[in-house]
Every structure is written in C-alpha cells, then in structure tokens.
Amino acid sequence: MKITDLFQNYEELTIQLSPVEDVSVKRVKELVHKQLPRRKRGKTVLLIAAVLALVSATACAVGMSLWERAKADVGLAPDKTLPEYVEYDLETPEDRMPTVSLVSALWTNTESTIYLSVNNPMIEMMSTRQEYPWSVGTISFSPSDAQLTGCWIEQVAYDEQEHTVLLRCNLSVKNLGEAETCSFQLRWTPFYRVNNGTTLDIGTVTVEVPKLRQFRATVNAPYENPYLDVEGTVLAFDVYANSFRVTMEVPTFDKVCEALGEDAHGTIAAAYWNTWKDEPSDPSDFDVTDAWLAYDRSWREPWDDFAICYKDGSIVYFEDLAYEATPIYEETNGLSFGYEFSQLQDLALLKSVYYHGQEFFLKPVE
Amino acid sequence: MEEARMLRRLKAGKTDALDALIEQYNGYVCTIIRTVLGAQGTLEDVEELASDVFLAIWNHADALWSGKVKAYIGATARNRARSFLRSLGPMEMDLDELPLASPETPEGDALNREQQQLLRAAVDAMGEPDREIFLRYYYYYQTTTEIAALLGRTPENIRLRLCRGRERLKNHLQKEGIV
C-alpha cells in the first residue's frame, strides 16, 4: 500500500506553499472554455464546417433509431413516456425526392418541440454550414386562434445508413390550448440560392395536439430583489412538462427610477452589472438601456428557497432541477418568465412547490 | 462573487460562475500543481493541468459544497498533478510503501469519509513538525532536500522524521482497523 494513495481525498489546507508566479488566469480561462461543450437548450450542438466532417461526425447517429435520438435530444429517458410526448410511425417515401416525416412531438401550453426526419436529403441538406437553411412556411392551427410567435429549426443528426436527416423544430405558440391539429410547411433554402430567393418546399406536416396539462401553485408571497432595495410579489408558479414559469408583480421601472431620484439609472445598472465585473464601472458610465436591462434581469435570478416536491416525498431544489434560466417572454401585469428543466417532468408525479419556507400545492389548470 | 451564489450558478451550468471560480482559485490551484510537479513540468503544463482541474470541477459541480470548495479544489489539483507525474514515468518515493494491505474500500482506492477522518486524526497525532514534514512529502511530493531547506533542517533529519511518521501512521491505521 502506498501512503500517497491514502491521501487521494484528503482535505489539506494547513501547509503554507510558496505561491507560483507568472501563471496567467486568462490563459487558464481560455484553455477551459476551449474544452467546454457548446450548449444550447441543454443539448450539444455540433457546428461542423465541412460536409464531410459533418457526415463523419453525425454518423454517430448510426445504431440509434430516429426516435431514440429524438428522445435523448428532448431530455426524456429511453424507457419513459409522457402524455405530452407523442411518437409517430414514419411514412415511406414514394420517390427519391427529399420528403419529410413526423418522428415525435412534445407539446406544452407555450411551446412545442417537433422532430422531423427528411428522407433522401440532398448532399447540401446534410451540411450545417448555412445558418438558417430550414424554415417553416405557412402554418395553421385548427380549430383555434393560436398564433405562432417564434420558430427555430435545427439539425440534430444525420443517419448515414438510413440517409436521413433528423431535425428539431421549436415552435412558440400563443393560445395553443384549444388547438387540435397544427399543420406547417417545411422549407429549405440552399445557401447558393439565398440571393435569388429560391426555396424548396419539402412537404407539409400535420401534427395532432394532445390534451395539454398544466399545473399551477398560487403563491402570493413577497420576493426581495437581490440587487436593489425593491420588493415584488410572486403570484404563481405554473409547471409544464418541460419548464416552469414564475409570474410576479413588480414595481415598474419608471416607478423605481422615480423613487431613486436623479442618479437612478446609474444606481440600478451599477447594482446589477458591477456584480459581474472584476473592476466595477462608475455608475455614471451606464445609460438608460443598461439600467432597464439590469432592472429586468435583476428579477430573474435563481432563488435560494425554491424546490419542487414530488408525491413520493422527494424534493428537488431549484439548482438541481433547472438547467437553464431562459426568460420565456411576456410582460403583462408585471413579469412572467420561465426556466427550462434539464429533464422532462411527469406532471402526475409532482405534488407541490416549496418557496420561502412554505409549501404551495400544485393543482391542474382546467 | 459570494461563494454560495457562485456554487448555485456553477451547478446551474453558468459559465460566469466558472470564470469567477477560476479567478478566485487559479493562484491556489497553480501553486499546488507547481509544488507537486517540482522541477518537472513547464509553466504551460501547470496552466494546462489547472484548466483540467477547473474542467473537472465544472463537470462535477454537484460534489461541491459551500465551505468545502477550497479543500475540494485543492485535492483535485493535487491528484491531477500526481497523475501527470505518474504519466512521466515511475515516481521515486522510497519511503512511500507501507507494509500493509490496502484499505478495504468499495472501489479499492479512495478512503471513505470515516476512514478519511481517521487518517486525518492519525496525521494530526504526529505533532509538529512531523505532521508538516509528512504532508509536504506525501501530499505535496516535495523532496526531503526541499523540505529540509524550507524548514531549516538537514535532509537526514527529515528522512528520520518521515520514518518515524510512517511507523506512527502504520500503528494508528492498524489500531483503527483501516488496513
């Protein structure tokens, strides 16, 4: 037995060592960041410069079916099923033209993630060299006045054996609740034809919208802004399969500026932005846009005292649960923003939300 | 950035917290790595190993607890530097072997929390300056000549104290049933 091996997990803080000089923090940071995986929405995004590199890199999809790949990408364990997540059989392409088929779809009240496969893709379609080659053309919801507010399509994988491209299509939709079906046209714009406006219509996809579930905990509890001496009220938590949303009532920006007086913009901006800087800026260096952004963001921080309680008695705290705090928009009657879960949640297993020392029970929203 | 807040953000995958961690602990990490590497390894090696340490922390942020960050980072830095030394070839530590069976641990390598406490007690029980000499030699891989120069003693005296420390450690570990 080696003595040095015994010290593998030994916590040693007592011995004075001669400090090393000349090491560069900047260089270490660069080295670290170079090795960090690129992340977007919790998934690895492959950005590969050349078609050949892409083909070889994404050939890793071989061995996993399109459905397995899509499930892994959406953040659902292989053996799990959710009412919000529906898988479909592929349609067999009739000819050798590129055709689109539905693989699976995840629906929540605010957003849907639809996985599509494109069979017989042209060689350029396998490439991610273009920034925005795929797009949605016409889209309609039936019977509903649902409105598309945002759309983003990204290539997830290319399966060399099946000669199939897997796409992830994120749709942000307002008033989705009443919709039964959603139909949209998938389009592709070759990079060498962007300037003359040529776009290929790959096909139209129709997806059934399942009955959507949403659980809400009504809260009405105070929340102290961590940067400013201002208080808001947390009105409710809404939980969906892929995210939760916080609705707050907060003083308006103008009202807070009025209360702070002449140097309000500098005070607000410095309170937030200087937290992230090594060398604090003088408040007078900030303008009204800095202040507005700072005020908006100052409410969107993860909170100490927040957890989700499950029916089986387990509790998961915010930092273990939410992967990315991405504000989900909306500015009506205060502030409403959301956080995405790193893994999809089965709403049937959730019991309550724990916040500020109190438990608030989640109830289905009819 | 305040530690608890930094940890929360680190666990949530926020790179600004990683940057704050690097700024705060880079000097400490590099000092440990430089000490363990001694004359071996360049400044670039130190920086690369430091980046490995911070990446490991980033990938295992869940293992970090407020109040224990520095100790955890220090242990990670020491172990990374040690692995690097091992990759260069066999390490000459003629006093490293204890004539005892390996501890009974599930993985066969790291001691569990309770065993770590007993090890700490055994090391603390050596008293000064034996404890410091022991840790400098076995934890930080400083040579007997380096330790002698640092503590104003002769290398022979250091070796003598290390032998004594080894005996005490062996007895303590046997008595406590760790080995």
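A. Molecular detail of the environment of A:T81. Residue and element names in this part refer to chain A. When you line up the elements, T81 lands in the loop between α4 (66-74) and β3 (85-87). Residue T81 is classed as exposed on the basis of its relative accessible area of 66%. Note: C-alpha distance between T81 and L344 (263 residues apart in sequence) is 10.0 Å.

B. The arrangement of helix α7 (residues 288-298) of chain A in detail. All names here are of chain A. Restricting attention to buried positions, one finds in α7 the residues A291, A294, Y295, D296 and S298. Buried residues along α7 sit against α5 (253-260), α6 (264-273) and β17 (335-341). Of the residues flanking the start of α7, the one acting as N-cap is D287, its side-chain oxygen 3.1 Å from the backbone nitrogen of T289.

C. Representation of the environment of A:F237 within the structure. All names here are of chain A. Looking at the element boundaries, F237 is found in strand β12 (residues 231-239). Looking at F237, the relative accessible area reads 0%, which means it is buried. Residues F237 and G338, spaced 101 residues apart in sequence, show a C-alpha to C-alpha distance of 9.4 Å.

D. The packing of aromatic side chains, seen in detail. Counted by the stated rule, this structure contains twelve aromatic pairs over all chains. Consider the rings of A:F7 and B:F134, whose centres lie 6.4 Å apart with planes at 65°: the pair is edge-to-face. Taken together, the residues span two chains, with A:F7 in the loop between α1 (3-6) and α2 (25-35) and B:F134 in helix α6 (residues 130-138). When the ring of B:Y137 is compared with that of B:Y138, the centres are 4.9 Å apart and the planes differ by 85°; the resulting orientation is edge-to-face. Accessibility expressed as a relative area gives 5% for B:Y137, which makes it buried. By relative accessible area, which is 0% here, B:Y138 ends up buried. Pairwise contacts between aromatic rings join A:F7, B:F134, B:Y137, B:Y138, B:Y139 and B:Y140 into one cluster.

E. Seen up close, the side chain of B:R78. When you line up the elements, B:R78 lands in helix α4 (residues 69-88). Polar contacts involving the side chain of B:R78 include one to the main-chain carbonyl oxygen of B:Y138, which spans 3.0 Å. Within polar-contact distance, the side chain of B:R78 engages the backbone oxygen of B:Y139 at 2.9 Å. Apart from the residues lying within four places of it in its own chain, the contact partners of B:R78 are A:T4, A:F7, A:Q8, B:I32, B:V36, B:Y138, B:Y139 and B:Y141.

F. Structural detail: the sheet that holds β3(A). Residue and element names in this part refer to chain A. With antiparallel pairing, five strands are arranged side by side in an open sheet as β3-β4-β5-β8-β7. The open sheet is flanked by β3 and β7 (147-159), the only strands paired with a single partner. This sheet shows a mean twist of 25° between the axes of neighbouring strands, independent of strand direction. Inspection of the sheet shows β7 paired to strand β8 (residues 164-174) by eleven bridges, in the antiparallel sense. Looking at β8, one finds that C151 is bridged to L171.

G. Quick peek at the pairing of strand β4 (residues 99-107) of chain A. All names here are of chain A. For β4, the buried fraction is high: eight of the nine residues fall into the buried class. Inspection of the sheet shows β4 paired to strand β5 (residues 111-119) by eight bridges, in the antiparallel sense. Pairing of S101 across the sheet is with S117, part of β5.

H. Representation of the confidence of the model for chain B within the structure. All names here are of chain B. Looking at chain B as a whole, the pLDDT averages 80, with 82% of positions reaching at least 70. Taken element by element, the predicted model of chain B shows its lowest mean pLDDT in helix α1 (residues 3-11) (76) and its highest in α6 (90). The ipTM value of the predicted complex is 0.80, and its pTM value is 0.49.

I. Seen up close, α6(A). Residues and elements named next belong to chain A. Burial analysis of α6 places seven of its ten residues in the buried class, which makes it a mostly covered element. Buried residues of α6: A264, G266, I268, A269, A270, Y272 and W273, and no others. Considering only its buried residues, α6 is in contact with α5 and α7.

J. Representation of the nonpolar core in the model. Of all hydrophobic cores here, the largest spans 62 residues; its most connected members are A:F7, B:L10, B:L21, B:Y25, B:V29, B:I33 and B:L169. Element by element, the count of residues in this core is highest for helix α2 (residues 15-37) of chain B, at 13 residues. Dropping the residues within four chain positions of it, B:L21 is found in contact with B:M6, B:L10, B:N26, B:F54, B:I57, B:V69 and B:I73.

K. Region of interest: the environment of A:R297. Residues and elements named next belong to chain A. Summarising the element assignment, R297 is placed in helix α7. Taking the C-alpha atoms as reference points, R297 and Y272, separated by 25 residues in sequence, lie 8.3 Å from one another. With residues up to four places along the chain from it excluded, the contact list for R297 reads Y272 and W273.

What counts, and at which threshold
- Residues numbered from 1 in each chain as written.
- Chains lettered and ligands numbered in written order.
- Predicted model: local features only at pLDDT ≥ 70, side-chain atom pairs only at ≥ 80, totals over all residues.
- Heavy atoms only, no water.
- Helix = DSSP H or I, 4+ residues; strand = E, 2+ residues; numbered from the N terminus.
- Buried < 20%, exposed > 50% of the residue type's maximum accessible area, 1.4 Å probe, protein only.
- Contact = heavy atoms within 4.5 Å.
- Polar contact = N/O pair within 3.5 Å; in protein donor to acceptor, adjacent residues only side chain to side chain.
- Phe/Tyr/Trp six-rings, centres within 6.5 Å; stacked < 30°, edge-to-face > 60°.
- Pairing = 2+ DSSP bridges.
- Axes fitted to C-alpha atoms, helices over the stretch in contact; angles between N-to-C directions.
- pLDDT = per-residue confidence, 0-100.
- Core = buried A, V, L, I, M, F, W, Y, C linked by side-chain atoms within 4.5 Å.

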